[in-house]
Amino acid sequence: MDTPVLEVDAAVVGAGPAGLGAATRLMQRRVGRVVVLDREDQPGGLPAQSGHRGFGLLRYKFPLTGGEYAGRLARAATAASVEVRLGTTVLSVSPSLEVVAVSPAGLVRYKARAVILATGCREMPRALRAAGGDRPSGIFNTAVVHRLLGTLQELPGRRAVIVGSEDVGLMAVRLFRHAGARVLAVVEELPYLLGYRANYLYSVAPFRVPVLLGHRVVRVVGRRRVEGIEVAPPGGAPVRRIPCDTVVFSGRFVPESALARDAGIALDVRTQGPLVDQHYHTVLPGIFACGNLLHGAESSDVALEEGERAGEAAAAHLAGQLAAGPAVAIHPGAHLASVVPQRVTLDDRGPVHLLVRPDVPLVRATVLATRDAHQVGRTRRLSVVPHRAAKLTVSLQGVDGTSRLEVGFAGRVRSFREAAASWGRLAP
Amino acid sequence: MGHETAESYDVVLVGAGVVGCAVARDLARYRLRVAVVDREVDVGDGTSKANSGIVHTGFDAKPGTTEARLVARGWTLWAEAAPALQVTLEPVGALLVALTAEQHAELDALRENGRRNGITDLAMVSRDELLHLEPAISRDVRGALHIPGESIIDPFAAVVAQAEHAAVNGVRFFLGEDVRGIQAVRDGYLVATPWRELRTRWLVDAAGLWSDAIAQLAHRDDVRVTPRKGEFVIFDKPAGRLIRHILLPVPTKISKGILVAPTVFGNVLMGPTAVDGTDKTDLSVTPQGLRTVMEAGLRMIPGLRRETVVTTYAGERAVGNLSDYRLEVDGAAHLVIISGIRSTGLTAAMAIAEQVVGAMRDAGLPAEPNRGYRPDRPARSWRPGQTRPCYDPDRVAQDPRYGRVVCLCETVSEGEIVEALHGPLAAHTLDGVKKRTWATAGRCQAYFCTAALLAIVARERGTDVSAVTKRGPGTHATAGPAGARRKAP
């Protein structure tokens, strides 16, 4: 049997905020036929799996639950006549814009004129976090916890330790408590809290769960089910064991970029996501990438905004209006961990929106962009942390093929004393 | 339970590792009642579960030993049996790499050692040839010895396939039952597990790390086994482009050393360490062990430094108190002891079986042919090296479950998972499904698919999700329905 071929104008891989945003925008630009392919049985990506509130603060100025947020995006897509095909796993994307996908209904080869990759990100598995020890049952990521509690109504464990203090880690505390389980500690390797303080106050503090800052996970203990976790406190204090039956390795999101990589799209060594220009155009003409695939986890609103911009650009590409002109790279300046996009194509389509992450936490910092040492963009003073991007808009006026663009941070590295101060307040 | 109610067998094997399953499969050719007992709930869950996945030629074994002879014979038997057993075996060949002048000087002796073991196709490879054969190898190399016969194998299927083949030919498996006692009775033994007593004429101790304990139950106090731990690192599939052969270091007096090898699944494997210990159940990975592995591996393939690690694991080899294999067939006592197989059991298993079963027959084990013998193992829908069913439009059309991809990283469909959960030696744990389908073994390490997988296992086994385990009692994947206790203790 030959694989049936379906011709579409645009194929979007992933029905999370970025993918749905891109598809909806494409339809609003009257592109024709747009399909969104997603392996899950419901649209909405990660928010759809999340019951807690706090989604859509930027977009809807209201803290929606993940499900409500996903629902709004899905309804907008349906209203714009986007075809969302669920339970459909994309197996490959080719440079010739063919997308092969399979579902219980069969294989389909989509011949597209533009492809948008929005495959999101995932949490780093345990082996990459240098946590040695036994390999028992009872080790999870937060995404698995969400699915077990949400889809299966099943408790992952009764006494949990959360590793990592990003927002997903903090929210896992509340999740466990609401499901009837205990949380013994949140363990954070760095000397400061990574998630929003508001999240700490909402999800952790009410349950009097200690946050152990500056504690490194040494090993997991337990031959069959987890029996405990050993952590090394800061300053060389003796390793201590926290008895528990569940360890959740949270956060440390990495782009799910295998599909892009296998298509032959160059990846950025800093982000491990596809290399894109300001139009979210990858190195392969007609293939765009957006959302958390580009940089790891940002808020859903950031992914949605990127998706919409990528949809806009893909529509322009289909109309033959997107310049394929020369591009200049954005060079790393002081304290830069990553920047998306990594390069800009020289055209007159307006300012460039950058997401910039620092390599260390900085206080009273500004993000600074320069063209040949002339300032072309800067933010107001803010505090920045490595796992969350700062936004900066840069004008391309005066940039030509010989310009050197640089983005970096100016500010003071947050001192350990400042970090330790917050640590003192956190550990109840 | 009294003797009257005991189930009666001609042969009871203790240990369902690669060696025990090979012996069981060999015995299944005869009209015999054979049972295999193992403390783990799946076959191959001891030493057989964590190894390098290599079928050795035996070129480096000590000439004249039983091990050297059986490794070489085992290599041949694997090459013959792999197709019918549907076990993926790829003769990629090995390069034994010299990184220093001293090591380079040793290659000739290793080649001569191989020749004495009957491996005559070894060839010297110059530095230039080596750099051509392995473009990503360290520029420090001086040369290498090419061993064309060294092969990579699916080490999980190597056990499951033999066990399944034995099972379809009538061998009974009692898994998850540890042997609590062995009693010598008239004309045989009574083997007691927590659930049953098995009366048998012959007892085969193939219990690997615990073969000393089983031997002791049979009143043999001279068998000793100590564990030797090996830690491994597995790299994500893109690293597969960096190597083509199994890359072996020049062995030292202490160990074969840390190798870098492709796997049949498409990953790259690095390891193992060799650390003698006392705790046979210690499968923990350690920072120093992993550092040792990485340093040694990166000396050969520096480019792996930039590749992503998928997982790490450790295994325990069974080191005996003889310098060679212990293969004893006591015809008078009807007792067989197979012990001290260390790290070569995967290669030698079928040869060990051949020798042991031959000796049992010589000692009077009746050997009437099994009339209903099935030469092949039941067909599987996928094995490593083949395209997954989800890529095949016909198969998805025949069974829509092949169109539902559960494990994204390895593109394992619901159809393959359901298949693993049924049949003569069905998986019923998460590790069992992983070993048979490679689901959850990919780059995300079960981030995307755990919940879906649990639901499928529970549904197919007809249990609650809370009853699903990773590898048997005490390894429950979850802790019961959520919200059952609103107030945490």
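Quick caveat, the model's predicted, so the values are computed rather than measured. (Residues numbered from 1 in each chain as written. Chains lettered and ligands numbered in written order. Predicted model: local features only at pLDDT ≥ 70, side-chain atom pairs only at ≥ 80, totals over all residues.)

Details of the overall build of chain A
Put simply, the test is: Here a strand is any run of E in DSSP of at least two residues, a helix any run of H or I of at least four, and the numbering for each starts at the N terminus. Our radius of gyration is a C-alpha quantity, and the globule rule it is checked against amounts to 2.2 Å times the number of residues to the power 0.38. Residues with at least 20 neighbouring C-beta atoms inside 10 Å of their own are called buried, those with 12 or fewer are called exposed, and the rest are partly exposed, where every C-beta is derived from the backbone.
Regarding its fold elements, chain A presents nine helices and 31 strands. Compactness check: chain A gives a C-alpha radius of gyration of 22 Å against a globular reference of 22 Å for 428 residues, within 12% of the reference. Along the three orthogonal principal directions, the C-alpha set of chain A runs to about 65 × 60 × 40 Å. Every one of the 428 residues in chain A was classed for burial, and the buried ones make up 56%.

A look at the overall build of chain B
Just so we agree on the cut-off: C-beta atoms are first placed from the backbone for all residues, and any pair lying within 7 Å is then listed as a contact.
Scanning chain B from N- to C-terminus turns up 12 helices and 22 strands. Whereas a compact globule of 489 residues would reach a radius of gyration of roughly 23 Å, chain B reaches 23 Å, a difference of no more than 12%. C-alpha atoms of chain B, sized along the principal axes, occupy 70 × 60 × 50 Å. Across chain B, contacts joining residues at least 24 apart in sequence account for 72% of those joining residues at least 6 apart.

Points about the domain arrangement of chain B
Residues and elements named next belong to chain B. To be explicit about the condition: Those domain boundaries reflect an automatic or database domain assignment. All amino acids are sorted into three groups, where Ala, Val, Leu, Ile, Met, Phe, Trp, Tyr, Cys and Pro are nonpolar, Asp, Glu, Lys and Arg are charged, and the leftover types, Gly among them, are polar.
Each assigned domain of chain B is listed here: domain 1 (1–90 + 153–224 + 321–379), domain 2 (94–148 + 227–320) and domain 3 (389–467). Between domain 1 and domain 3, the C-alpha centre-to-centre distance is 29 Å. Facing the 11 residues of domain 1 at the interface are nine residues of domain 3. Sort the elements by how many residues they give to the side of domain 1 that touches domain 3 and helix 5 (residues 155–168) lands first, with six residues. Residues that form the side of domain 1 that touches domain 3 fall into these classes: nine nonpolar, no polar and two charged.

Brief notes about the environment of A:Ser50
Residues and elements named next belong to chain A. If you trace the backbone, Ser50 turns up in the loop between helix 2 (45–49) and strand 4 (53–55). Residues Ser50 and Leu64, spaced 14 residues apart in sequence, show a C-alpha to C-alpha distance of 11 Å. With near-sequence residues (within four places) excluded, Ser50 lies in contact with Gly66 and His146.

With respect to helix 7 (residues 287–300) of chain B
All names here are of chain B. Test applied: Helix span is expected to be 1.5 Å times the residue number reduced by one. Working definition: the arc comes from the directions between the helix axis and the C-beta atoms, pointing outward to the latter.
End to end, helix 7 covers 20 Å across 14 residues, agreeing with the expected 20 Å (1.5 Å per residue, within 8%). Residues Gly289, Leu290, Val293, Gly297 and Met300 constitute the buried set of helix 7. In an axial view of helix 7, the angular spread of the buried residues amounts to 95°, which keeps them on one side of the axis. In helix 7, those exposed residues whose orientation departs by more than 90 degrees from the buried face are Gln288, Arg291 and Glu295.

Some thoughts on the domain arrangement of chain A
Residue and element names in this part refer to chain A. Taken domain by domain, chain A comprises domain 1 (5–122 + 254–322), domain 2 (125–251) and domain 3 (329–417). Using only C-alpha atoms to locate each centre, domain 1 and domain 3 end up separated by 25 Å. Contacts between domain 1 and domain 3 engage 11 residues on the former and 11 residues on the latter. A class-by-class count of the residues in the side of domain 1 that touches domain 3 yields three nonpolar, four polar and four charged.

Side note on the sheet that holds strand 6 (residues 83–85) of chain A
All names here are of chain A. To keep things clear, this is the line we draw: A pair of strands is considered paired only if DSSP assigns at least 2 bridges between the two. Note on geometry: axes are lines fitted to C-alpha atoms, helical ones only across the stretch in contact, with angles between N-to-C directions running from 0 to 180 degrees.
The five strands are arranged 6-3-2-10-22 in an open sheet whose pairing can be described as parallel. On the outer flanks of this sheet lie strand 6 and strand 22 (287–289), each paired with one strand and no other. Across the sheet, the mean angle separating the axes of adjacent strands is 20° when strand polarity is ignored. Strand direction decides the pairing type here: strand 3 (residues 34–37) and strand 6, joined by three bridges, are parallel. Each residue of the ladder has a partner; that of Leu37, found in strand 6, is Arg85. Here helix 1 (residues 17–28) sits on the sheet and contacts strand 2 (10–13), strand 3 and strand 10 (114–117); the angle it forms with strand 3, its principal contact strand, is near 170°.

Some details on helix 3 (residues 66–79) of chain A
All names here are of chain A. With 14 residues, helix 3 ought to run about 20 Å at 1.5 Å a step, and its terminal C-alpha atoms sit 20 Å apart, in line with that. Among all positions of helix 3, only Gly66, Tyr69, Ala70, Leu73, Ala74 and Ala77 are buried. Along helix 3, the residues classed as buried sweep out an arc of 130° about the axis, all on the same side. Phi turns positive, to about 65°, at Ser81, one or two residues after helix 3.

Concerning the pairing of strand 14 (residues 159–163) of chain A
Residues and elements named next belong to chain A. Keep this limit in mind: Handedness is read with the strands pointing away from the viewer; a crossover is right-handed when the path from the first strand over the helix to the second is clockwise.
The buried fraction of strand 14 amounts to five of the five residues, a majority that puts the element mostly inside the structure. Where burial is concerned, the two faces of strand 14 agree: the one with Arg159, Val161 and Val163 and the one with Ala160 and Ile162 are both buried. Sheet analysis places strand 14 next to strand 15 (residues 182–188), joined by five bridges and oriented parallel. Within strand 15, the residue paired with Ile162 across the bridge is Val186. Note on the crossover from strand 14 through helix 5 (residues 167–178) to strand 15: the handedness is right-handed. Inspection of the sheet shows strand 14 paired to strand 20 (residues 246–249) by four bridges, in the parallel sense. When the sheet's bridge partners are listed, Val163 is paired in strand 20 with Phe249.

Side note on the interface of chain B and chain A
Frequently, the measure chosen for interface size is the accessible area that the parts lose on association. Contacts between the two partners involve 52 residues from chain B and, on the opposite side, 50 residues from chain A. Elements that contribute at least two residues to the side of chain B that touches chain A include exactly strand 18 (309–320), helix 9 (393–398) and helix 12 (450–461) of chain B. No other element matches strand 18 of chain B, which puts five residues into the side of chain B that touches chain A. In the side of chain B that touches chain A, the residues fall into 29 nonpolar, 17 polar and six charged.

Some points on the nonpolar core
Here is the rule we go by: Each nonpolar core comprises buried Ala, Val, Leu, Ile, Met, Phe, Trp, Tyr and Cys residues, the members being joined through C-beta atoms within 7 Å.
Grouped together as the largest cluster of nonpolar side chains are 302 residues, with contacts concentrated most on A:Ile116 and A:Leu117. Per-element accounting of this core gives the leading share, 10 residues, to helix 8 (residues 345–362) of chain B. Other than its neighbours up to four places away in sequence, A:Leu117 contacts A:Val13, A:Val93, A:Leu259, A:Ala260, A:Pro274, A:Ile287, A:Phe288, A:Ala289 and A:Leu293.

Section: unusual backbone geometry
Omega for the peptide link from A:Val340 to A:Pro341 comes to -5°, which places this bond in the cis form. On the secondary structure map, A:Pro341 appears in the loop between strand 24 (336–340) and strand 25 (343–345). Residues B:Gly271 and B:Pro272 are joined by a peptide bond in cis, for which omega reads -5°. Relative to the assigned elements, B:Pro272 resides in the loop between strand 16 (268–271) and strand 17 (275–276). In this model, A:His335 sits at a positive phi of 60°, which is unusual for a non-glycine residue.

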